[in-house]
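# Summary of the model geometry
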Amino acid sequence: MRKKIIAANWKMHMTQSEAEAFITTFLRELKDNDGVEVVIVPPFTAIPKVSELLSETQNIKVGAQNMHWERSGAFTGEISPAMLRELFVRYVVLGHSERRALFGETNEIVNRKVRAAYEEMLRPIVCIGETLAQRERGDVEKVLSQQLHGSLANVDAKELHETVIAYEPVWAISTFGNGIPAKPDEIHAAIKWIRSILGDLYGEQMATDMRVIYGASVDTEFVPSILGLEGIDGLLPGAASLNYAKFAGIIEAAYKMLHSGEKS
Ligand code: PGA
């Protein structure tokens with residue numbers, strides 16, 4: 001069974017001391033998250049502190065927002081997979097739309113990073129999603145297909161198993177849109193399409209086993225309608241994850257959905 005995952009993309013927010021205050025309060029606020037894997041994805045500078053604070057927790061892991069694909073070298077300003085691994089980072093977000101739009105990341109670059117992640121036993125969370133113009137042109141399927149094929153080129157099924165695909169429609173991300181997620185039927189159609197591409201590339205079993213999640217303006221109130229969709233394994237909130245009560249609320253809502261029915 002695919003384990004649910006809720007990952008907090010903090011983007012360029014939280015100094016180390018702010019992160020420390022957040023995690024301390026968040027851990028106090030968080031109720032049971034058994035069966036829901038939580039990932040905190042801070043900026044690089046807060047990773048050591050967040051890792052230290054989470055070292056005793058079960059089911060809460062640390063992620064990074066980006067990395068270079070080389071192990072070391074003359075790449076001023078970059079961070080390598082090995083450097084992250086040493087800080088107990090388990091996940092790495094790759095190909096986020098802000099990286100693609102603002103820093104020129106192509107599918108080829110994302111692919112290099114994805115393959116480098118496996119070498120350091122990091123699990124990639126590969127972000128894909130169309131812009132508004134692409135949606136209006138009717139190109140959603142084409143764009144998602146290109147992004148998946150490009151980002152996963154030369155990745156074999158064994159490696160892929162630990163990979164998470166995040167569908168993040170660019171137009172619905174809070175920084176670009178109006179803070180409202182895509183409609184459930186739009187999300188459902190995209191997730192179904194993503195799984196069908198994975199099926200073409202890696203076979204039905206892999207398409208069923210892999211985790212596919214949604215991100216873009218996720219907030220507590222939207223959790224039931226999004227997580228209730230068939231084929232969705234989790235969420236990648238950005239803005240809402242900067243508020244410990246909201247983020248804990250998202251996890252609690254996911255936990256309740258997962259365990260509803262167990263007592264009846
Ligand atoms: P948002 O960000 O929840 O603020 O829309 C999500 C993301 O960009 O990963």
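What you are looking at is a predicted structure, and each value in this text was computed from that prediction instead of being measured.

### Things to note about the layout of surface pockets
By volume, the largest pocket is sized at about 410 Å³. Counted by class, the lining of the largest pocket contains 7 nonpolar, 5 polar and 3 charged residues. The volume enclosed by the second largest pocket comes to roughly 270 Å³. Taken together, 13 residues line the second largest pocket, and the ones lying closest to its centre are L54, S55, I60, F88 and R90. Counting only elements with at least two residues in the lining of the second largest pocket, the list comes to α2 (47-54) and β3 (60-64). Residue classes in the lining of the second largest pocket are distributed as 4 nonpolar, 5 polar and 4 charged.

### As for the packing of helix α1 (residues 16-29) against helix α12 (residues 244-259)
When two helices pack together, their arrangement is given by the angle between their axes and by how far apart the axes lie. At their nearest, the axes of α1 and α12 sit 9 Å apart, and the two run at 40° to each other. Accordingly, the angle class assigned to the pair α1 and α12 is oblique. In the packing of α1 onto α12, the handedness of the crossing is right-handed. Packed against α1, whose contacting residues are F22, T25, F26 and E29, the element α12 presents Y244, A245, F247, A248 and I251 at the interface. Split into classes, the residues belonging to the contact of α1 with α12 amount to 7 nonpolar, 1 polar and 1 charged.

### Thoughts on the site of the ligand
Residues in contact with the ligand amount to 13 residues; listed here are only the nearest, K11, H96, S174, S217 and G238. Between the ligand and the protein, one listed contact pairs an oxygen atom with a side-chain N or O atom of N9 at 3.2 Å. Contact between the ligand and K11: an oxygen atom at 2.7 Å from a side-chain N or O atom of the residue. Protein chains shield 99% of the accessible area of the ligand, which is 280 Å² for the free molecule. When its residues are assigned to classes, the shell around the ligand shows 6 nonpolar, 5 polar and 2 charged.

Criteria and cut-off values
Residues numbered from 1 in each chain as written. Predicted model: local features only at pLDDT ≥ 70, side-chain atom pairs only at ≥ 80, totals over all residues. Heavy atoms only, no water. 1 Å grid on protein atoms, 1.4 Å probe; cavity = no way out; pocket = protein on both sides within 12 Å on 5 of 7 lines; lining within 4 Å. Points joined across faces, edges and corners; volume = space filled by probe spheres on them. Nonpolar A, V, L, I, M, F, W, Y, C, P; charged D, E, K, R; others polar. Helix = DSSP H or I, 4+ residues; strand = E, 2+ residues; numbered from the N terminus. Axes fitted to C-alpha atoms, helices over the stretch in contact; angles between N-to-C directions. Parallel < 35°, antiparallel > 145°, perpendicular 65-115°, else oblique. Left-handed = near helix turned anticlockwise from the far one by under 90°. Contact = heavy atoms within 4.5 Å. Near = heavy atom within 4 Å. Polar contact = N/O pair within 3.5 Å; in protein donor to acceptor, adjacent residues only side chain to side chain. Areas by Shrake-Rupley, 256 points an atom, 1.4 Å probe, with all protein chains shown as cover.

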